[in-house]
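Residue-level structure breakdown
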Amino acid sequence: MKYPTALQTLMDKLAGLPSVGPKTAERYAFYLLKQTPEKLKSFAVAILELQDKITLCHECLSISESDPCLICADTSRRQDVLCVVENIQDLTAIEATKQYDGRYFILGGLINTINNIGPEDLNIDKLIKRIKTNGIKEIILALNFTLEGETTSLYLTKILKDHLKITRLAKGLPAGSDLKYADELTLGNALKYRNEIIK
Ligand SMILES: [Zn+2]
């Protein structure tokens, strides 16, 4: 049997989400069908606002409600330290430690040779430009302790080492760790006791 078009369309859209197969999509769609019109409307508005209210901060390349974002616009934060993270989830994890008062830069990914993601796919040109124009004296490589994170840290160290101080998170986090799942205390300490990369 075929479902009414509106329901089938919703199922197809839901099935396109990560980790959602057709069966789960069907369950979600029937769940939504049972909700009140008000609840459905607020759900739809939340999705629409993703496009209307979220923009990109041109300084740190993070998604934000304003450009520049609140962190980049905050003049009380240090201007000369830049923490390089993979994505906004990692930025949020570091902010939650309350151990950092510098700026951020979102790399937008990690080098991954298996998936064919090379340095040219990351925001490295913009990072270099930011370092040159903003008088950055130290960058903190706050990347995952995974093969991809290590490869990316090595690459960035190689191209930036002659220009400024480069530090990386202390190895308090186990190998294979994803920063966004690290607890605040461990991550805060890894940041506090960061090591300078010997050139
Ligand atoms: Zn920003």
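In case you missed it, the structure is sitting above this.
Below is a short write-up of the structure. (Residues numbered from 1 in each chain as written. Predicted model: local features only at pLDDT ≥ 70, side-chain atom pairs only at ≥ 80, totals over all residues. Heavy atoms only, no water.)

1. Notes on the coordination of the zinc ion
Taken together, Cys-57 (SG), Cys-60 (SG), Cys-69 (SG) and Cys-72 (SG) make up the protein donors of the zinc ion, found 2.3 to 2.4 Å from the metal. Because the angles between the four donor atoms bound to the zinc ion fall within 105 to 116°, the donor set is best described as tetrahedral. Linear spacing of the donor residues for the zinc ion on their chain is C-x2-C-x8-C-x2-C. With Cys-60 in the loop between β1 (55-56) and β2 (63-64) and Cys-72 in helix α4 (residues 70-73), the pair connects residues that are twelve residues apart, well separated along the chain. Note on accessibility: Cys-60 and Cys-72 belong to one class, buried. (Donors = N, O, S within 2.8 Å, 3.2 Å for Na, K, Ca; no water. Tetrahedral: all angles 85-135°; square planar, octahedral: opposite > 155°, others 65-115°. Helix = DSSP H or I, 4+ residues; strand = E, 2+ residues; numbered from the N terminus. Buried < 20%, exposed > 50% of the residue type's maximum accessible area, 1.4 Å probe, protein only.)

2. Quick notes on the side chain of Arg-77
Looking at the element boundaries, Arg-77 is found in the loop between α4 and β3 (81-85). Among the polar contacts listed, one links the side chain of Arg-77 to the side chain of Glu-95, at a separation of 2.8 Å. Residues in contact with Arg-77, not counting those within four places in the same chain, are Ile-71, Glu-95, Tyr-100, Asp-101, Gly-102, Arg-103 and Tyr-104. (Polar contact = N/O pair within 3.5 Å; in protein donor to acceptor, adjacent residues only side chain to side chain. Contact = heavy atoms within 4.5 Å.)

3. A word on unusual backbone geometry
Of note, the amide linkage connecting Asp-67 to Pro-68 takes the cis form, showing an omega dihedral of 0°. Within the element layout of this structure, Pro-68 appears in the loop between β2 and α4. At Leu-61, a residue that is not glycine, the phi angle is positive and equals roughly 65°. Along the chain, Leu-61 falls in the loop between β1 and β2. Residue Leu-61 is classed as buried on the basis of its relative accessible area of 12%.

4. Brief notes about the environment of Pro-119
Among the structural elements, Pro-119 can be located in the loop between β4 (103-106) and α6 (124-133). Assessed through its relative accessible area of 22%, Pro-119 is described here as partly exposed. The spacing of Pro-119 and Lys-165 is 46 residues in sequence and 21 Å in space, taken between C-alpha atoms. When residues no more than four places from it in sequence are discounted, the contact partners of Pro-119 are Ile-111, Ile-124 and Tyr-155.

5. Regarding the packing of helix α1 (residues 5-15) against helix α2 (residues 22-33)
At a minimum axis distance of 8 Å, the contact between α1 and α2 shows a crossing angle of 130°. Compared by their axis directions, α1 and α2 come out oblique. α2 is crossed by α1, and the crossing has right-handed handedness. For the pair formed by α1 and α2, the contact residues are Leu-7, Leu-10, Met-11, Leu-14 and Ala-15 on the first element and Ala-25, Glu-26, Tyr-28, Ala-29, Phe-30, Leu-32 and Leu-33 on the second. Of the residues contributing to the contact of α1 with α2, the split by class is eleven nonpolar, no polar and one charged. (Axes fitted to C-alpha atoms, helices over the stretch in contact; angles between N-to-C directions. Parallel < 35°, antiparallel > 145°, perpendicular 65-115°, else oblique. Left-handed = near helix turned anticlockwise from the far one by under 90°. Nonpolar A, V, L, I, M, F, W, Y, C, P; charged D, E, K, R; others polar.)

6. Digging into the sheet that holds strand β6 (residues 165-168)
With mixed pairing, the five strands of this open sheet are ordered in space as β4-β3-β5-β6-β7. Either end of the sheet is taken by a strand with one partner, and the two such strands are β4 and β7 (195-196). In terms of strand pairing, β6 meets β7 through two bridges, oriented antiparallel. Paired with Thr-167 across the two strands is Glu-196, which belongs to β7. (Pairing = 2+ DSSP bridges.)

7. Here's the deal with the packing of aromatic side chains
Under the counting rule described, the total for this entry stands at two aromatic pairs. Each ring, one from Tyr-3 and one from Phe-30, has its centre 5.4 Å from the other, and the planes form 75°; the classification is edge-to-face. Within this pair, whereas Tyr-3 is found in the segment before α1, its partner Phe-30 is found in helix α2, the two being separated by 27 residues in sequence. Assessed through its relative accessible area of 24%, Tyr-3 is described here as partly exposed. Overall, Phe-30 belongs to the partly exposed group, its relative accessible area being 29%. A ring pair is formed by Tyr-100 and Tyr-104, whose centres lie 5.1 Å apart and whose planes are at 65°; its orientation type is edge-to-face. Of the two residues, Tyr-100 and Tyr-104, neither departs from the other in class, the shared state being buried. (Phe/Tyr/Trp six-rings, centres within 6.5 Å; stacked < 30°, edge-to-face > 60°.)

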